[in-house]
Amino acid sequence: MKNLLYTAAILTLMIIPASCNNEKTTPQQEAKPMMMASMETVAIKKSNPKVELKLPGELVPDQETALFAKVQSYVKKINVDIGSYVTEGQVLMVLEAPEIQSQAANAKAKWQAQEAIYASTKSSYSRMYKANETKGAIAKDALDQITARKLSDEAQVNAARSAYRELQDINQYLVIRAPFSGIITERNVDLGAYVGPMGGTPLMVIQNTSKLRLSLSVSEANVPYLNVGDTISFRVNAIPEKNFKATISRKSGSLDLKLRSEKIEADFINHSRELKPFMIAESMIPLQNKEATFFIPRSAVVESNMGIYIIKKDHGKAKFVPVKKGRILNDTVEVFGELSEGDQILKKANEEITEGSLIK
């Protein structure tokens, strides 16, 4: 029994070192280094392409006027209606105000009466002035009185004449004429209607539709690229197959306080009158700089909490270059910064790339 236990103990001691040797000789798998993603670079160069900007706009009439009654009166005659084309000075409507005509007649009578009084006074003044040539014939006090009376009567005549002419001018307001050539777009009264200078609804509205204004609001960033005389192409939903062209004629010269945009108007000569005022237009505005600039792939621009920048290859290492974005053309974007032609930049940059890292 003792021999058996002794033999088992010896076998156990022999097995333990063997198992330890087996563990030591097992080769460990070495960790392979992570492969670095390839970084494609592109050389930048300056260009000056035309970049089209799409903007919604509105067509407005070149001239539009609402016509109101100057005095309280009744509509006596209407010569035109909605859709009528009229010429400048054409009589559109005639109003009637009997009390104005009566006041004008009374004013004319007062004027004539004052003229008769003034004629008598002037005659007396002339006789006394001639008699005064004989020394001592007329007292100086009497001559002063007749002179003052003549001046007073003359002033009364002038006042009566002005009152009559004022009523005559008001009487002319009873004839409503077209201030310019155009089309009648509204007619809000009928024969016999009582009208007056109370505001509110106008008698008629006239628009000049032979020339339309394309009104646009251009953002602050794009304002420098537009100049008076540039051509703008636009389309309207009513005639989608046709392209129209307008010429920039006016710039407001100031930015809107809320939108930070400048109002621009382009004139369109509407000979065929196929376009109507207040149509919505989709305009295509060509934006071209005076000098060539850098257009780079949009994927090369990184926008992060560090700002907007691109990654340039500088002696084989990554260097961040802060830039500002400009116009966008397809898959490229205009950038401004400390860049030179021929600089190598990463085509696909991201925030994970640190400054100073090797560019493979």
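Here is what the cut-offs are and how they apply
- Residue indices follow the written sequence of each chain, beginning from 1 at its first position.
- Local features are withheld for residues below a pLDDT of 70 in this predicted model, meaning they are given only at 70 or higher, and side-chain atom pairs are given and counted only at 80 or more; totals for whole chains, interfaces and linings count all residues.
- Side-chain metrics in this entry use all non-hydrogen atoms of the structure; hydrogen atoms and water are not considered.
- In short, DSSP must find at least two bridges between two strands for them to pair.
- By definition, any uninterrupted DSSP run of H or I lasting at least four residues is a helix, any uninterrupted run of E lasting at least two residues is a strand, and each is numbered from the N terminus.
- To form a nonpolar core, buried Ala, Val, Leu, Ile, Met, Phe, Trp, Tyr and Cys residues must be joined to one another through side-chain atoms within 4.5 Å.
- The buried label applies to any residue whose accessible area, calculated with a 1.4 Å probe on protein chains only, is under 20% of its type's maximum; exposed applies above 50%, and partly exposed to all values in between.
- By convention, a stacked pair of Phe, Tyr or Trp rings (six-membered ring in the case of Trp) has centres within 6.5 Å and planes under 30 degrees apart, an edge-to-face pair has planes over 60 apart, and any other such pair is tilted.
- Throughout this description, the term charge over a ring refers to an Arg CZ or Lys NZ atom that lies within 6 Å of the ring centre and within 35 degrees of the ring normal.
- Here a polar contact means two N or O atoms within 3.5 Å. Within protein one must be a hydrogen donor candidate and the other an acceptor candidate, and residues neighboring in sequence count only if both atoms are side-chain atoms.
- Here a residue-residue contact requires only that any non-hydrogen atoms of the pair lie within 4.5 Å.
- Note: pLDDT gives the predictor's confidence per residue, expressed from 0 to 100.

### With respect to the pairing of strand β10 (residues 204-219)
- Sheet topology note: the strand β3 (residues 51-67)/β10 ladder contains 9 bridges and is antiparallel. From the neighbouring strand, P61 faces β10, where its bridge partner is L212.
- When strand β8 (residues 182-187) meets β10, the two strands line up antiparallel, connected through 4 bridges. From the neighbouring strand, I183 faces β10, where its bridge partner is Q207.
- Of the pairings in the sheet, the one linking β10 to strand β13 (residues 261-269) comprises 9 bridges and is antiparallel in character.

### What about the sheet that holds strand β4 (residues 73-78)?
- As summarised here, the arrangement of the 4 strands in space is β7-β6-β4-β9, forming an open sheet in which the pairing is antiparallel. Each end of this open sheet is capped by a strand with a single partner; those strands are β7 (175-177) and β9 (194-195).
- Across 4 bridges, the pairing between β4 and strand β6 (residues 91-96) is antiparallel. Across the sheet, residue I78 finds its bridge partner in β6, namely M93.

### A closer look at unusual backbone geometry
- Although it is not a glycine, F278 sits at a positive phi angle of roughly 70°.
- Considering the arrangement of structural elements, one finds F278 in the loop between β13 and β14 (280-287).
- At H315, a residue that is not glycine, the phi angle is positive and equals roughly 55°.

### What to know about the nonpolar core
- Membership of the largest hydrophobic core comes to 25 residues, with the highest contact counts inside it found for L59, L214, F234, V236, L275 and I285.
- Of all the secondary structure elements, the ones that give two or more residues to this core are β3, β10, β11 (231-236), β12 (239-255), β13 and β14.
- Formed by 21 residues, the second largest nonpolar core is a distinct cluster that contains V80, I176, M204 and I206.

### Notes on the packing of aromatic side chains
- Applying the stated criterion across every chain yields a total of 5 aromatic pairs.
- Between the aromatic rings of F234 and F244, the centroid separation amounts to 5.6 Å while the plane-to-plane angle is 25°, which identifies the pairing as stacked. With F234 in strand β11 and F244 in strand β12, this residue pair connects regions lying 10 residues apart in the sequence.
- Judged by its relative accessible area of 0%, F234 is buried.
- Taking 4.4 Å as the distance between ring centres and 25° as the angle between the ring planes, the aromatic pair formed by Y309 and F320 counts as stacked. Taken as a pair, Y309 in strand β17 (residues 307-314) and F320 in strand β18 (residues 317-329) lie far apart in primary sequence, 11 residues in all.
- An aromatic cluster is defined as three or more aromatic residues linked by ring pairs; in this entry it consists of F234, F244 and F268.
- A cation over a ring is seen here: R327 above Y225, with NZ or CZ 4.6 Å from the ring centre.

### Topic: the side chain of S233
- Residue position: S233 is located in strand β11.
- A residue is classified by how much of its surface remains accessible, and S233, at 16% relative accessible area, is buried.
- Polar side-chain contacts of S233 include one of 3.1 Å to the side chain of K245.
- Those residues in contact with S233, other than ones at most four positions away along the chain, are N243, F244, K245, E282, S283 and M284.

### What about the environment of K317?
- Along the chain, K317 turns up in strand β18.
- You can call K317 partly exposed: its relative accessible area is 43%.
- For the pair K317 and E355, spaced 38 residues apart in sequence, the C-alpha separation works out to 7.7 Å.
- Leaving out residues up to four positions away in the same chain, K317 has contacts with K312, G356, S357, L358 and I359.

### Some details on the confidence of the model for the chain
- Taken residue by residue, the chain gives an average pLDDT of 83. The fraction at 70 or more is 88%.
- Across residues 15-37, confidence stays below pLDDT 50; counting only partners more than four residues off in sequence or on other chains, it has 1 contact.

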